[in-house]
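# Structural description and commentary
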Amino acid sequence: AVKAPAAGSMMTEIELNSPGVRGEEPGTDEEKVQIVDRGACRCSNMCWSTRDGIGKALVDAACKAAVYQTGMKPFANPKAQVGPLSAELVEKLEQGVKPDTILSNLSANINEWTAGKRGMFTLNFWQEDSIASLQADVARGDGWAAADVSRAARNLLLAYDKRGLAHCEEAFASPEELLAHKEGCAFRPVECQNVGCVQVVGANSAGAHDAACPHKLLKCPQGCGADVKRTALREHMATECDMKPAVCPYKELGCEREVTAGTVDAHCEECAGTHLKLVVDWVGRLSTEAVATEARVRDIKLLLQGVVPKVEETAAEVVAGGEARGRLAGEVKELRASLNGMAKAVTALEGEMKTQKSDMKLAIKTMDRLARAQEDMVKRVPMLSGKS
């Protein structure tokens, strides 16, 4: 392999290998042929990700400049400005190439040109939307042909990448040597192997692409064994996965078993007896609470029976008048407040009783369901039913 001269310049392959480039005339016709052959057998592979990144930066810069230039002109069409501005941008960047330039200089030059077009212009939200919309149109080839963008990006990559970090510079004495090299070149184009992905990248960035490819099949980290696309993995884990954490329907009654979406049904079937006991205990608690609530209601009613006559008697004394009217009026007020409090307490207790009755009905239904499930399981297992 022979190192190709000045591979990062804007010259074509023929210009790169012409005698004038080397600064001296070859001594013989044979040397001239060797130079041309080596130029014809020079590897032209480059990092596709870097090239595409440059292309996107060019499109973004041209679109921003177009919106900047038409921002103060209500009837101007930004898309019509993309063509002239893109040509100006590329020419400016080509003029910025220096002998020691590197790819980071390209990014800086693009930003500098874009800032110059902006000037004192201040973006607002609708202008930012205009830039985004224009960028989407141009990315589809409307206003700046995709082939032209790719060609400009390729040429700029070669011009700025003096260190050869994003393209191959090797030249060979024969087409056979070049072909053998290209099969293992670090910058050779490779297709993504993930089903559904049509992305082509350089071999040097294939690993990075695979690590972020939305079509990559990943093993579910919850352990269900399913292979899921990267973009659908989160939804799978939250909705479809049999191993996603679940809650036993009887947890609030005391079941502490950890279950998953795929095992909760089997758990309820296997632990029907245990769950039935939890429900029986629940019914017992409800019964005790119901008895206590009824007793409290009776007590309050008895108090009311004693208070009501006293209120009526005191009210009569107030009406009759006398020196004790003021004191009696205060007592009547206190008694009425006490009656109101008792009435509210009775209403609350009646609500509790209503809830307890509803819970009791639910508990009874649950007991029936669990009992039937237990019977069905016994019938399916001969050893439990006593059958052979």
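Before reading on, note that the structure itself is shown above.
Quick look at the structure, then. For clarity, every value in this text was computed on a predicted model and none was experimentally measured.

About the cut-offs
- Residues numbered from 1 in each chain as written.
- Predicted model: local features only at pLDDT ≥ 70, side-chain atom pairs only at ≥ 80, totals over all residues.
- Heavy atoms only, no water.
- Salt bridge = Lys/Arg side-chain N within 4 Å of Asp/Glu carboxyl O.
- Helix = DSSP H or I, 4+ residues; strand = E, 2+ residues; numbered from the N terminus.
- Buried < 20%, exposed > 50% of the residue type's maximum accessible area, 1.4 Å probe, protein only.
- Core = buried A, V, L, I, M, F, W, Y, C linked by side-chain atoms within 4.5 Å.
- Contact = heavy atoms within 4.5 Å.
- Axes fitted to C-alpha atoms, helices over the stretch in contact; angles between N-to-C directions.
- Parallel < 35°, antiparallel > 145°, perpendicular 65-115°, else oblique.
- Left-handed = near helix turned anticlockwise from the far one by under 90°.
- Expected span 1.5 Å × (residues − 1).
- Phe/Tyr/Trp six-rings, centres within 6.5 Å; stacked < 30°, edge-to-face > 60°.
- Lys NZ or Arg CZ within 6 Å of the ring centre and 35° of its normal.

### Overview of the pattern of salt bridges
Throughout the structure, instances matching the rule amount to 10 salt bridges. Across the pair Lys 117 and Glu 88 runs a salt bridge, and its minimum N-O distance is 2.6 Å. Residue Lys 117 is found in helix α6 (residues 103-118), and its partner Glu 88 is found in helix α5 (residues 78-95); the two are separated by 29 residues along the sequence. You can call Glu 88 partly exposed: its relative accessible area is 33%. Overlapping salt bridges, with partners in common, bring together Lys 79, Asp 137, Arg 140 and Asp 142 in one network.

### Topic: the nonpolar core
Leu 58, Val 82, Leu 93, Leu 106, Leu 134, Val 138 and Trp 144 are the most contacted members of the largest nonpolar core, which totals 40 residues. With 10 residues, helix α4 (residues 48-70) is the largest single contributor of residues to this core. Residues in contact with Leu 93, not counting those within four places in the same chain, are Leu 58, Leu 106, Asn 109, Ile 110, Leu 156 and Tyr 160. Formed by 12 residues, the second largest nonpolar core is a distinct cluster that contains Cys 255, Leu 278, Val 279 and Trp 282.

### Observations concerning the packing of α4 against α5
Angle between the axes and distance between the axes are the two parameters that describe a pair of packed helices. Contact geometry of α4 with α5 gives a least axis separation of 8 Å together with a crossing angle of 125°. The orientation of α4 with respect to α5, classified from their angle, is oblique. Crossing of α4 against α5: the hand is right-handed. Residue-level inspection shows Leu 58, Ala 61, Ala 62, Ala 65, Ala 66, Val 67, Gln 69 and Thr 70 of α4 in contact with α5, the latter providing Pro 78, Gln 81, Val 82, Leu 85, Ser 86, Leu 89 and Leu 93.

### Here we look at α5
With 18 residues, α5 should cover 26 Å at 1.5 Å per step; its first-to-last C-alpha distance of 25 Å lies within 8% of that length. For α5, the full list of buried residues reads Val 82, Leu 85, Ser 86, Leu 89, Val 90 and Leu 93.

### Brief notes about the packing of aromatic side chains
Evaluation of the coordinates by the stated rule reveals 0 aromatic pairs. Across from the ring centre of Trp 48, 4.6 Å away, lies the NZ or CZ of Arg 51, which sits over that ring.

### Focus on the environment of Gly 223
Within the element layout of this structure, Gly 223 appears in the loop between β5 (217-219) and β6 (227-229). Overall, the relative accessible area of 53% leaves Gly 223 in the exposed class.

### As for the environment of Ala 136
In this fold, Ala 136 is placed in helix α7 (residues 125-139). Separated by 76 residues in the primary sequence, Ala 136 and Asp 60 place their C-alpha atoms 9.4 Å from one another.

### Quick word on the side chain of His 181
In this fold, His 181 is placed in helix α9 (residues 175-182). Non-local contacts of His 181, meaning those with residues more than four positions away in its chain, are made with Cys 43, Cys 168, Glu 170 and Phe 172.

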